[in-house]
Amino acid sequence: MDLNNLYKHISPAIYERGEEYYKNGMVDNVEHRYPDTWTAEVEGSDLYTVEVKMNGDDIVSWDCDCPYDYGDMCKHTAAVLLYIKDNKDNYPVNTEIPPSPQLEQLTEILKQVNHKELTSFLSKYADKHLDFYQALISEFHPQKKTNVQVDYIKEIQKCFNARGSYNRYGHSDDAEEISRRLYKYIEKAKSLIKLNCEEQALTILLHIIKKIGDCYEEYDDYNGDLACNCQEASEIIEKMIESGLPDNLLEVATNAISQMIKNSNYDNYDLADLNNLLFSISLKTSNIENGIKIIDEALKDNPDSFRTHSLVASKIELLKNANRKEDVEKTISHYLYLPEIRKINLKELLSEKQYEKALALIDEGISLAKKENHWGTVSDWKDEKLSVYKLMDNNEKVIELAEDLFVGGRESMKYYHILKTVIPSGKWASYLDDFILKSGKQKMGGIGGHVLAQIYIAEEYWDRLMAHVEENIQLGRYSSLREYEPYLKSRYPERMLAFYHLQITDYAAKNMGRDHYKYVAGVLKTMKEYPNGVETVTSLLAYFKSVYSNRRAMMEELGKLL
């Protein structure tokens, strides 16, 4: 096979994939050994080693340790051959010292040894032989390998060179595979830190964060794999900063973060807390002004976005640490339209017990939220207002707001419990009945059935709970009956069994399919646990066999109960 006419000897599909791998820089660690043997590593779904033997431009043999078994040559070998064709003149063969028979034999033996076995042997041997230990350190310690500098930026880039399919939204489905590759480099960074090679580790971690942030929207990261990689990398850098990175590396991190912080993806998708990293570096270097400058530049690029509040909050913290009280007040005042910043101001007023100012601040927030139709924010501010009135021991206002939030809020039971703490115990029962009646009239459809049931449970109104189940609950795979059954089974066994009988008869009449039949059988099994349940189930089985005898799947599932 002639090296210069590969396309004639390789299938078009393999040639095309090999060319893609080669052009994307996935061929690495190329060596040309005596007499004319080439070895290289190719990054695919894993890291594969390729060996090619040549005679001039004639390809004598090839081998790749990938699992490909559908033809003579894989895409990894094709990529290496294309690399050799274009770069062979840059790799003159070393003919000075041909390998000895012993070395050739050792090479073949090592091919049979897996990585774990070899690592175990080297560790044990080095532990007993100091000269061998020192030789290993001298040859392989990252700080000692001055003649071989690993291009980690290039290595990280290779992790993103996978090519998979795209969904209808144009998102790649390679996120899980890329995450698996990146995880190896995160582990490598951890190892480098233990070896005091912080510079290399920081390079790896910063570039992982940058690459994920730059291209995150291209991928369908439905499991959050890439997001987890990014978060872990940033957390490791945070620990490095806390442990005491040298000033030159803190500067490297600052420069990288000053660029990345402008990318809203980190906040939008919760990829990395760059604000916190910048905050930690600013405190470590005592260069708070630079941190504030970086945030101001980011705010200039994102003047009113989803992430504005987090940038402003970080700026406020830096200003506080610089004891610039006037600038803190100016910044808060400027961004007071943001609820998160308004809450910072609220917290300060409450710490100073300036309750009237706090209430005015909240009312203004409610007014702004109403204008924007942000009703969830309105509820949040009302909740804050309730908390202020509790601090003021103003029970009348606490009751008023708790009633309002119970009806229109998102956590009705929270406000039920607040009301119970402020209403005198002797008046509670009559108050609750009146309030439930009043709330039902205020809110379309009355109080939500689940909330009402939770109140009955909290108050131990078991008869009301049983009546609620009979009137409102329907059996089905998503029924809430199981939540209430523990309270009712021992108290109202006859009514519960009658309820089950009525409901499961109706359910079986309206639903067909094996999954539904399994559900019916499961309910019947539950019914058998009640007093007189066995007799009731036996009667129902006879009824179902009589009426639905032609439903073979149903008969099979019911037959398992016998």
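Residues numbered from 1 in each chain as written. Predicted model: local features only at pLDDT ≥ 70, side-chain atom pairs only at ≥ 80, totals over all residues. Heavy atoms only, no water.

Looking at the pattern of salt bridges
Applying the stated criterion across every chain, the model contains 35 salt bridges. In this structure, the salt-bridge partner of Asp28 is Lys158, at a minimum N-O distance of 2.7 Å. Of this pair, Asp28 sits in strand β1 (residues 27–33) while Lys158 sits in helix α7 (residues 152–159), and the two are 130 residues apart along the sequence. A salt bridge links Arg33 to Glu51; the shortest N-O distance between them is 3.7 Å. Taken together, the residues Arg33 in strand β1 and Glu51 in strand β3 (residues 47–55) connect sequence positions 18 residues apart. Residue Arg33 is classed as partly exposed on the basis of its relative accessible area, which comes to 33%. Among the charged side chains, a salt-bridge network with shared partners connects Glu43, Glu177, Arg180 and Arg181. (Salt bridge = Lys/Arg side-chain N within 4 Å of Asp/Glu carboxyl O. Helix = DSSP H or I, 4+ residues; strand = E, 2+ residues; numbered from the N terminus. Buried < 20%, exposed > 50% of the residue type's maximum accessible area, 1.4 Å probe, protein only.)

Topic: the nonpolar core
Core analysis: the biggest nonpolar cluster contains 137 residues, and Ile504 and Leu524 have the highest contact counts within it. Among the elements that line this core, the one with the most residues is helix α9 (residues 198–215), at 9 residues. Setting aside residues up to four positions removed in sequence, Leu524 forms contacts with Ile504, Val537, Leu540, Leu541, Phe544, Leu558 and Leu561. If you look at the next biggest cluster of nonpolar residues, it comprises 29 residues, including Leu6, Tyr22, Tyr48 and Met54. (Core = buried A, V, L, I, M, F, W, Y, C linked by side-chain atoms within 4.5 Å. Contact = heavy atoms within 4.5 Å.)

Side note on helix α17 (residues 339–351)
Compared with an ideal rise of 1.5 Å per residue, which puts 13 residues at 18 Å, α17 spans 18 Å between its outermost C-alpha atoms and is within 8% of the ideal. Turning to α17, its buried residues number three or more, namely Ile341, Arg342, Asn345, Leu346 and Leu349. Down the axis, α17 shows its buried residues gathered within 150 degrees of arc, on one side only. Among the exposed residues of α17, those pointing more than 90 degrees away from its buried face are Lys347 and Ser351. Those residues of α17 hidden inside the fold are in contact with α15 (308–321), α16 (325–334), α18 (355–371) and α19 (375–391). Taken from the residues just after α17, Lys353 is the one with a positive phi, measuring 60 degrees. (Expected span 1.5 Å × (residues − 1). Arc of directions from axis to C-beta.)

Quick notes on unusual backbone geometry
Of note in the backbone geometry, Asn196 takes a positive phi value of approximately 60 degrees without being a glycine. Even without being glycine, Asn373 reaches a positive phi, approximately 60 degrees. Here Asn373 lies in the loop between α18 and α19. On the basis of relative accessibility, which here comes to 52%, the residue Asn373 falls in the exposed class.

Focus: the side chain of Ser258
Secondary-structure assignment places Ser258 in helix α11 (residues 247–260). By relative accessible area, Ser258 is classed as buried at 11%. Engagement of the side chain of Ser258 in a polar contact is seen with the backbone oxygen of Asn255, the distance being 2.6 Å. (Polar contact = N/O pair within 3.5 Å; in protein donor to acceptor, adjacent residues only side chain to side chain.)

Some points on the packing of helix α20 (residues 395–408) against helix α21 (residues 412–422)
Any two packed helices are characterised by the angle at which their axes cross and by the distance between the axes. It is at 9 Å that the axes of α20 and α21 come closest, and there the two elements cross at 155 degrees. With respect to α21, the axis of α20 lies roughly antiparallel. Here α20 runs over α21; the crossing is left-handed. Counting all contacts with α20, which are made through Asn395, Val398, Ile399, Ala402, Glu403, Leu405 and Phe406, the residues of α21 involved are Ser412, Tyr415, Tyr416, Ile418, Leu419 and Val422. Looking at the contact of α20 with α21 residue by residue, the class counts come to 10 nonpolar, 2 polar and 1 charged. (Axes fitted to C-alpha atoms, helices over the stretch in contact; angles between N-to-C directions. Parallel < 35°, antiparallel > 145°, perpendicular 65-115°, else oblique. Left-handed = near helix turned anticlockwise from the far one by under 90°. Nonpolar A, V, L, I, M, F, W, Y, C, P; charged D, E, K, R; others polar.)

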